[in-house]
Structure formats: structure tokens, C-alpha cells
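What follows is each chain in one-letter form.
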Amino acid sequence: MFLCYCGVASVALMSFSFCVSNWQVLALAVVVASASAGNPPTFMRQLGMYFPGHKRGTAMGIFQMRIFIGTAFASMCILLAYHYGWRAGFFFVGACGLVSCLVGSVVLRNDIPKYEHFLEQEEESFLSKVMFLLRNPTMLLMVVGTFFRYAAGLGQAFYEPLYFSEQFPEYMQEYSVVNSVAILITPLFLYAAGKIADIKESQSKFKWAPLICGLTNLVSIPLIVVVYTTNSFLVASVCLLIMFPVSETYISLNLSILLNVTPKSMHALRKL
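Residues numbered from 1 in each chain as written. Predicted model: local features only at pLDDT ≥ 70, side-chain atom pairs only at ≥ 80, totals over all residues. Heavy atoms only, no water.

Engineer: Just to check I follow, could you spell out helix 9 (residues 172–202) for this structure?
Structural biologist: Every α-helical turn comprises 3.6 residues, leaving residues that sit three or four positions apart pointing alike. Over its 31 residues, helix 9 runs 45 Å from end to end, which matches the ideal 45 Å to within 8%, given 1.5 Å per residue. Approximately 30° is the largest bend angle found in helix 9, and it occurs at Ile185, with the proline Pro187 only one to four residues beyond. Positioned one or two residues after helix 9, Ser204 has a phi angle of 65°, which is positive. (Helix = DSSP H or I, 4+ residues; strand = E, 2+ residues; numbered from the N terminus. Expected span 1.5 Å × (residues − 1). Bend = angle between axes of the 7 residues up to and from the residue.)

Written out as C-alpha cells, the structure is:
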């Protein structure tokens, strides 16, 4: 199912190359967004089946690398679009995604018989599942924390380029390089944070994962204050290189924590 969602999104991206009206672009954007939205719950279901609790942080860290590797890949494709047009850029990105799905459909295997015990669950209503989760304090705290974390991240992503272009207009090329480097090194932090949390989890030290989540977010506060108050581009760049990868490690752990405190029958809130 995961590969099906990715395949639909890839075909839609390739179809952008043939658009001749705004309505066609809008329709394909809806298809891409809808297909992409199906990936996280599908992956969460598989993660709960194939990985025990003390290995989910690492697995989630690797899965979330897709965001930053994909962003870096998209940035490189800007060069393709610059030389050959935006249609070629969309077609190339979609074609790469489609080829990956086809290769994955041949290489990957879903060993359902091995996990039949996972599927033998008592049927529950959707409302009863939601009410159970709402009574879980860890679930509530992590959801609220994630809401504010992503709200802050989206706000920063919008405001940061504008700020640097106004505060350091003569360093915009350097800023682009620094920003790209921060994106590329972020997967290393995601993996490391997940690995550390999993090691502590295997030692029954269950407070480490939420502790890492909290600390990585707290570290960003003084750094972001410095970024937006300093007159030195060098200082702002160093803070940015530290702040972005460290703060993003939160996303490699928050979903694994949510998964660990959720009964298996409620993973993704649906049956396979």
C-alpha cells in the first residue's frame, strides 16, 4: 500500500509536465497531497508490526530522513528546471519516484503470515479508539507539543529567508549554502537521536526519548534568539547550522513515542 501511494504521487508529478491550465495544476496538486497523506499512517502500521518498541526510534529516524534528502534532491532539480524548463524538472522528479516504486515492489516483501497474531484483534469502533487515545496523557502531551513544534517550524521556514535577505543581503549565496548544508546533515542527527533513544529503551530507561525531545527543542530557543538579534552573518550561520539539525531530531522520536503508547489494534486507526 505504501508503494501504491508513492506511485500515484509520482505519476501525478510527472503529469505536471503536460499541464496547460491552472485547473489542471490544482487538480494534480490535490492528487499529490492526497497520495502523500496516505504514507505516514501506512508506515506507522508497518513500523508497529516489524519493529519492537526499543527499535522504533532508529526506524523512525531513517524514515523521516526522506524529508531532508527529498528537499536536497528537489533543490538540485532546480538546476535541471533552470536549463531545460520546469516541465522537465517535474517529469524527472516524478520519474525517479516511479522507478523507486517499481524497484521496491520487486525487492520488498510484506511477510504477513509471520505477523498474523498482530492482525487478530478485537474489532472496536472508531469513536472508542479515539476516546481511549484522548485519555492517554502521553498522547495528549505529545500531540500538543507536536502541534506547536510544527507551527513554529513552518513559521520559521517562511520568515527566515525573508529575514536573511533583508539583514544580510550581500550574503544570500552564502546563506543558500549554509541552509543546504543544514538540511543535508539533519538526517545524521535524526538517526543518532533515534539510536540513543532505542539503546536507553532497551535498558528500560523510558524517560530518555521524551527527554531528548524536550532538550532538542529547548536548545533551539537561545540559538534562534541569537540568529535574529546578531549583526554578524557568521554567528547567525553557525547558530543556524546547530539549531536546525538539532531541533529537527524531535520528529524522529515524537512519532515513535506515540506509537509505543498506543495499543497495536489502534496503529493507524484501521485494519490492514
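Engineer: Help me understand helix 12 (residues 250–260) in this model?
Structural biologist: Of all the 11 residues making up helix 12, nine are buried; the element is thus mostly covered by neighbouring parts of the structure. Those residues of helix 12 lying buried are Tyr250, Ile251, Ser252, Leu253, Asn254, Ser256, Ile257, Leu258 and Leu259. (Buried < 20%, exposed > 50% of the residue type's maximum accessible area, 1.4 Å probe, protein only.)

Engineer: Hey, could you run me through the packing of helix 8 (residues 137–167) against helix 11 (residues 233–248) in this one?
Structural biologist: To describe two helices that pack against each other, one gives the angle between their axes and the distance between the axes. Orientation of helix 8 relative to helix 11, taken along the N-to-C sense of each, is 155°, at an axis distance of 13 Å. By the angle between their directions, the pair helix 8 and helix 11 is classed as roughly antiparallel. Handedness of the crossing formed by helix 8 with helix 11: left-handed. Judged by residue contacts, Arg149, Gln156, Glu160 and Phe164 of helix 8 engage Phe233, Ala236, Leu240, Met243, Ser247 and Glu248 from helix 11. Among the residues making up the contact of helix 8 with helix 11, the classes are represented as five nonpolar, two polar and three charged. (Axes fitted to C-alpha atoms, helices over the stretch in contact; angles between N-to-C directions. Parallel < 35°, antiparallel > 145°, perpendicular 65-115°, else oblique. Left-handed = near helix turned anticlockwise from the far one by under 90°. Contact = heavy atoms within 4.5 Å. Nonpolar A, V, L, I, M, F, W, Y, C, P; charged D, E, K, R; others polar.)

Engineer: Just checking my understanding: could you explain the packing of aromatic side chains for this structure?
Structural biologist: Any two aromatic rings considered together are summarised by their centre-to-centre distance and by the angle between their planes. According to the stated counting rule, one finds 11 aromatic pairs in the structure shown. For the ring pair Phe16 and Phe90, a centre distance of 4.7 Å and an interplane angle of 25° mean the geometry is stacked. Of this pair, Phe16 sits in the loop between helix 1 (2–15) and helix 2 (22–37) while Phe90 sits in helix 5 (residues 86–107), and the two are 74 residues apart along the sequence. The exposure class of Phe90 is partly exposed, given its relative accessible area of 30%. Between Phe164 and Phe233, the ring centres sit 6.3 Å apart and the planes meet at 85°, which makes this aromatic pair edge-to-face. Within this pair, whereas Phe164 is found in helix 8, its partner Phe233 is found in helix 11, the two being separated by 69 residues in sequence. (Phe/Tyr/Trp six-rings, centres within 6.5 Å; stacked < 30°, edge-to-face > 60°.)

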